Amino acid sequence: MNLTAHYQEIAPILEMNSITKRYPGVLALDNVSFHVKKEEIHALLGANGAGKSTLVKVLCGVETPDSGEIILNGEPVTIPNPSDAIKLGISYVPQELSLIPTMSVSQNILLGQEPVFHKPLSLIDERKLDGLARKMLALVDLDVDIHQEVKDLPVSDQQMIAIATALYRQSKIIILDEPTSSLSSNEISKLFEIMRKLRQDGQTIIFITHHLEEVFEVSDRITILRDSVFQGCYEASKITRDKVVSLMTGKKGLMIKPATGESKVGQEALRLENVDTASISKNISFTVLAGEVVGLFGQVGAGRTEILRTIFGADKIESGDIYLFGEKVEIKSPLDAINKGIGFITEDRKNQGLILSMDLLDNINIGVYEKSMRFGLIQKRSLQKISEYYRDALKIKSNNLNVWAKFLSGGNQQKVILAKWLNHKSRILLMDEPTKGIDVGAKQEFYQLIRELSKTGVAILLVTSELSEVMGLSDRIIVFRKGTKVGEVNPKTATEEMIMSMTL
Ligand SMILES: Nc1ncnc2c1ncn2[C@@H]1O[C@H](COP(=O)(O)OP(=O)(O)OP(=O)(O)O)[C@@H](O)[C@H]1O
Ligand SMILES: [Mg+2]
């Protein structure tokens, strides 16, 4: 046996040893070790704020650790900035995608490393550049116009473009930070196929997710963090789901199940009649009663988000009518919608949901200050109390309510948005993928809060790609396919297969 070859086979391609990283007031990584083998898919797990993103940011030069060592292919390395990481063959596809929205697909892929093919007269050979970009897209099996601006593409395509960029840079280690949170189940399967293919081609993949089914479906090994501390590294085939959950949460036997229950429905809260949105949805009619949770289900791209945006006045309505509490209304803008009692938890937290340079207390209370006024003065104590209530109810990881939202982990930011809208006391609440990026423990609390809200008479319109979530939470499900309503089903009598087949 060739010992060197054997050693190379079992030796980690990457060793991160005793990594510690402190932010002001927060110990994000406490002496963490992370070992990754060549050509494996390695899942990195932990609750919101556990330190997953911080650990991979250290690896790709976005953050500098306070102490610890990184050994790559047996050699100690320092990775002071992202371009060094790329040179060492490490690419990061972050939690919030960082493509440049107004640049084309091919410009994004080749960005920073455009090869120079000159034609005579020193003109750049655009055709060769395009050819290169196309080759990378073929590797991730994506068929889009490479001259299109990326902002016009669905998130799932943007995800693939980010991976194509990593491949173009000839990365050996590709880090995917919650890549599946905006993808439909079909798109997730496709992503997994690509991940397996990359593994076969010699790449190593680090994969962060909150969906344990995905972990067991695609990963070879699992590393778990809890509260900034390493909890262990396991072969996926040798650990149970329950064990993973208990290592992540520190609790035994936590089962996540949407909180089902009969809603006590009241009068009609929202009605759409023959609504055409500016994009693909046409001739949409449905009602939502006060106290009812109605799910909109369909593949990503079926037009569900557009419907929510249209109700909220963020997109123009082309034709048709919207009624609120039996009265025909014209919703001119999001502000108009808010004044009429509509709240909207958007999918895109970074751009639409939060004010990143405001603290938690202000983010949670924005728009509701009047409610805490007495004798014309804002009651600071009551704001404090409200914020503490939601922080604890949703397990937002922050002792200090005065920390800026931008310093929270991705999942904790999402929880602040939920808190803000729950606090708004809207009579109609639109939710687009509300549990995206939220860890298993906090999901349960959120489901419970939704149930309690609907009991108080709030009408909830819910878009989620998780079938179990829409089945568990909704009183009624409206199914869409390519912008058309194809039916309404009762989740208590319908099966998952039945609903899936309606969307195809
Ligand atoms: N720039 C920063 N400044 C201050 N604190 C930060 C900063 N970035 C992260 N933190 C804190 O470090 C801790 C770990 O955050 P990290 O983003 O690594 O969590 P995560 O495991 O990726 O969580 P999630 O699942 O929510 O994305 C959190 O408490 C977070 O608030
Ligand atoms: Mg994260």
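As a convention, each chain's residues are numbered from 1 in the sequence order in which they are written. Numbering of ligands from 1 and lettering of chains from A proceed in the order in which they are written. With pLDDT at 70 or above as the cut-off, local features in this predicted model cover only qualifying residues; side-chain atom pairs require 80 or more to be listed or tallied, and sums for whole chains, interfaces and linings still use all residues. Based on all heavy atoms of the structure, the side-chain values leave hydrogens and waters out of the count.

**Q** Lay out the nonpolar core in plain terms, naming residues and giving numbers.
**A** The set of buried Ala, Val, Leu, Ile, Met, Phe, Trp, Tyr and Cys residues whose side-chain atoms join them within 4.5 Å is what this entry labels a nonpolar core. Type-normalised accessible area, obtained with a 1.4 Å probe on protein chains alone, sets the label of each residue: buried when under 20%, exposed when over 50%, and partly exposed for intermediate values. Counting residues in each nonpolar core, the largest one holds 61 residues, and the members touching the most others are Leu270, Leu272, Phe286, Leu296, Ile342, Leu430 and Leu461. Not counting residues up to four positions away in its chain, the partners in contact with Leu461 are Leu270, Phe286, Val288, Val294, Leu296, Leu308, Ile311, Leu429, Leu430 and Met431. With 50 residues, the next largest nonpolar core counts Val150, Ile163, Tyr168 and Ile222 among its residues. Residues count as neighbours in contact if any of their non-hydrogen atoms are within 4.5 Å of one another.

**Q** Explain empty space enclosed by the protein residue by residue, including any values.
**A** Put plainly, a pocket is an open set of points on a 1 Å grid over the protein atoms alone with protein on both sides within 12 Å along at least five of seven lines, a cavity is a set where a 1.4 Å probe fits but cannot get out, and a lining residue has an atom within 4 Å of a point. Grid points are joined across faces, edges and corners, and a volume is the space filled by probe spheres set on the points. Enumeration over the complete set of coordinates arrives at two cavities of 30 Å³ or more. Of the volumes computed, that of the largest cavity is approximately 40 Å³. For the largest cavity, the full set of lining residues is Ser184, Ser185, Phe297, Gly298, Gln299, Ser465 and Met500. When residues are sorted by character, Ala, Val, Leu, Ile, Met, Phe, Trp, Tyr, Cys and Pro go into the nonpolar class, Asp, Glu, Lys and Arg into the charged class, and all the rest, Gly among them, into the polar class. Here the residues of the lining of the largest cavity sort into two nonpolar, five polar and no charged. Its volume calculated, the second largest cavity comes out at about 40 Å³.

**Q** Which residues make up the sheet that holds strand E6 (residues 90-93), and what values do they have?
**A** Strand order in the open sheet formed by six strands is E6-E9-E10-E3-E11-E12, with mixed pairing between adjacent strands. With partners counted over all chains shown, the strands left at the sheet margins are E6 and strand E12 (229-235), one partner each. Strand after strand, the sheet turns through a mean of 15 degrees between neighbouring axes, direction not considered. One ladder, built from four bridges, connects strand E3 (residues 41-45) with strand E10 (residues 204-208); its direction is parallel. Across the sheet, the residue bridging to His42 is Ile206, located in E10. Fitted lines through C-alpha atoms serve as axes, helices being fitted only where they are in contact, and the angles separating the N-to-C directions of these axes extend from 0 to 180 degrees. A run of DSSP states H or I qualifies as a helix once it reaches four residues; a run of E qualifies as a strand once it reaches two. Both are numbered from the N-terminal end. Of the strands in this sheet, E3, strand E9 (173-177) and E10 are in contact with helix H7 (residues 185-200), which crosses E10 at around 150 degrees. In the packing of helix H9 (residues 241-249) onto the sheet, the strands contacted are E3, strand E11 (221-226) and E12, and the crossing angle to E11 comes to about 30 degrees. DSSP bridges decide pairing: two strands pair if at least two such bridges lie between them.

So, to be careful, I would describe these as geometric facts and stop short of saying anything about function.
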